[in-house]
Amino acid sequence: MFLAPRHEEILQLAKEYGRVVVDDLAERFRVTPQTIRKDLNDLCEQRLLTRIHGGALLPSGVENMEYEARRELAAEEKRAIGRAAAGLIPDKASLFINIGTTTEAVSDALLDHSDLMVITNNINVANRMRVYPAFEVIIASGVVRGSDGGIVGEAAVDFIRQFKVDYAVIGVSAIDEDGALFDFDFREVKVAQAIIANARHVILVSDSTKFERSAPVRIGHVSQVHTFITDRCPSTAFREICRDAGVRLLEAFP
């Protein structure tokens, strides 16, 4: 497929960062926002991007974006979410941390805590926290996913079920306005469900771009968590669901 040079560069930026913003692109290419909107509409007509308010995303579906690109997407928001989540977890607590770039931001924010027992199926979290003598780090057994260092499969599920912890920090790939939570890998979903079932307080951490995405495998419903931390919640309907279910909603950037 032939693409104009500017279209190719816009598509590459979307692949790197997950989304592109009209105003940023207009400044980058020194053209008007109207020109960029036409570019994005052209790319969306070819199903290379999906239009959102103020910009465009890579098309959602069964394919997840590259893990390093996900690290850069909403990075500042994830750091703020991580700090807010860490503020809820006291010293001497036991906790699960599952797979995801936002949950990794929480693990970074926990590094000034002491006497934590951390059980994780995320190799990146285990590797980051293992060097701190104040933490006991326990890593799940199972199949290691090469793309992101996540440990998945029935062995990981069985491992998680051995514990009952104070807190769980979980991430998801997509959130529906009706409160449903989704991910891409059914093996990862099984582990997340076991984590939810074996924690006394479940903290869901997710930046607001997850409201713009879709994923095929259902984890559960927001009513199954106790606290939801995001940068901002763009959905009035979702706010009402949290309120009615008694879920505490915290916004890092209200």
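Above this text is the structure in question.
First, a word on what this report is: a plain description of the structure on this page. (Residues numbered from 1 in each chain as written. Predicted model: local features only at pLDDT ≥ 70, side-chain atom pairs only at ≥ 80, totals over all residues. Heavy atoms only, no water.)

**Points about the pattern of salt bridges**
Considering all chains together, one arrives at 14 salt bridges under this definition. Here Asp42 makes a salt bridge to Lys38, at a shortest N to O gap of 3.2 Å. Within this pair, Asp42 and its partner Lys38 are both found in helix H3 (residues 33-45), separated by 4 residues, close to a single helical turn. The class of Lys38 is exposed, set by a relative accessible area of 52%. Among the charged side chains, a network of salt bridges with common partners joins Arg145, Asp148, Asp185, Arg187 and Glu188. (Salt bridge = Lys/Arg side-chain N within 4 Å of Asp/Glu carboxyl O. Helix = DSSP H or I, 4+ residues; strand = E, 2+ residues; numbered from the N terminus. Buried < 20%, exposed > 50% of the residue type's maximum accessible area, 1.4 Å probe, protein only.)

**Here we look at the pairing of strand E5 (residues 116-120)**
Along E5, 4 of the 5 residues are buried, which leaves the element largely enclosed by surrounding structure. As paired strands, strand E4 (residues 94-97) and E5 are joined by 4 bridges and run parallel to one another. Counted as the bridge partner of Phe96 is Ile119 from E5. In the classification by handedness, the crossover that spans E4, the intervening helix H6 (residues 101-109) and the parallel E5 is right-handed. By the bridge criterion, 5 bridges tie E5 to strand E6 (residues 135-139) in an arrangement that is parallel. What sits directly across from Thr120, in E6, is Ile139. Crossover E5 to E6 through helix H7 (residues 123-129) is right-handed. (Pairing = 2+ DSSP bridges. Right-handed = clockwise from strand over helix to strand, strands pointing away.)

**Digging into unusual backbone geometry**
Excluding glycine, residues mostly have negative phi values, and the peptide bonds linking residues are mostly trans. Of note, Lys92 is a non-glycine position whose phi angle comes to about 70 degrees, a positive value. Residue position: Lys92 is located in the loop between helix H5 (75-86) and E4. Of note in the backbone geometry, Asp115 takes a positive phi value of approximately 55 degrees without being a glycine. By secondary structure assignment, the location of Asp115 is in the loop between H6 and E5.

**A few points about the sheet that holds strand E13 (residues 217-221)**
The 3 strands lie next to each other as E10-E11-E13, forming an open sheet whose pairing is antiparallel. Strands with a single pairing partner mark the edges of an open sheet, and in this sheet they are strand E10 (174-175) and E13. Pairing of strand E11 (residues 180-183) with E13 involves 4 bridges; the strand directions are antiparallel. The residue bridging Ala180 from the neighbouring strand is His221, located in E13. Here helix H9 (residues 186-197) sits on the sheet and contacts E11 and E13; the angle it forms with E13, its principal contact strand, is near 15 degrees. (Contact = heavy atoms within 4.5 Å. Axes fitted to C-alpha atoms, helices over the stretch in contact; angles between N-to-C directions.)

**Here's the deal with the packing of helix H1 (residues 5-17) against H3**
One can describe the packing of H1 onto H3 by two numbers: an axis separation of 11 Å at closest approach and a directional angle of 75 degrees. Judged by the angle between their axes, H1 and H3 are roughly perpendicular. Contact residues: Arg6, His7 and Ile10 in H1; Thr35, Asp39, Leu40, Asp42 and Leu43 in H3. Residues of the contact of H1 with H3, tallied by class, amount to 3 nonpolar, 2 polar and 3 charged. (Parallel < 35°, antiparallel > 145°, perpendicular 65-115°, else oblique. Nonpolar A, V, L, I, M, F, W, Y, C, P; charged D, E, K, R; others polar.)

**So, the nonpolar core**
Counting 34 residues, the largest nonpolar core has Phe96, Ile160, Ile170, Leu204, Val222 and Phe238 as its most contacted members. In terms of residue count, the dominant contributor to this core is H9 (6 residues). Residues in contact with Val222, not counting those within four places in the same chain, are Gly179, Leu181, Leu204, Phe238, Ile241, Cys242 and Val247. Formed by 19 residues, the second largest nonpolar core is a distinct cluster that contains Ala93, Leu110, Phe135 and Val205. (Core = buried A, V, L, I, M, F, W, Y, C linked by side-chain atoms within 4.5 Å.)

**Here we look at the packing of aromatic side chains**
Counted under the stated rule, the structure contains 5 aromatic pairs. Judged by centre distance (5.8 Å) and plane angle (35 degrees), the ring pair of Tyr132 and Phe135 falls under tilted. Tyr132 sits in the partly exposed class, given a relative accessible area of 31%. Given the relative accessible area of 8%, Phe135 is considered buried. Feature note: the residues Phe211, Phe228 and Phe238 constitute an aromatic cluster, connected by ring pairs. (Phe/Tyr/Trp six-rings, centres within 6.5 Å; stacked < 30°, edge-to-face > 60°.)

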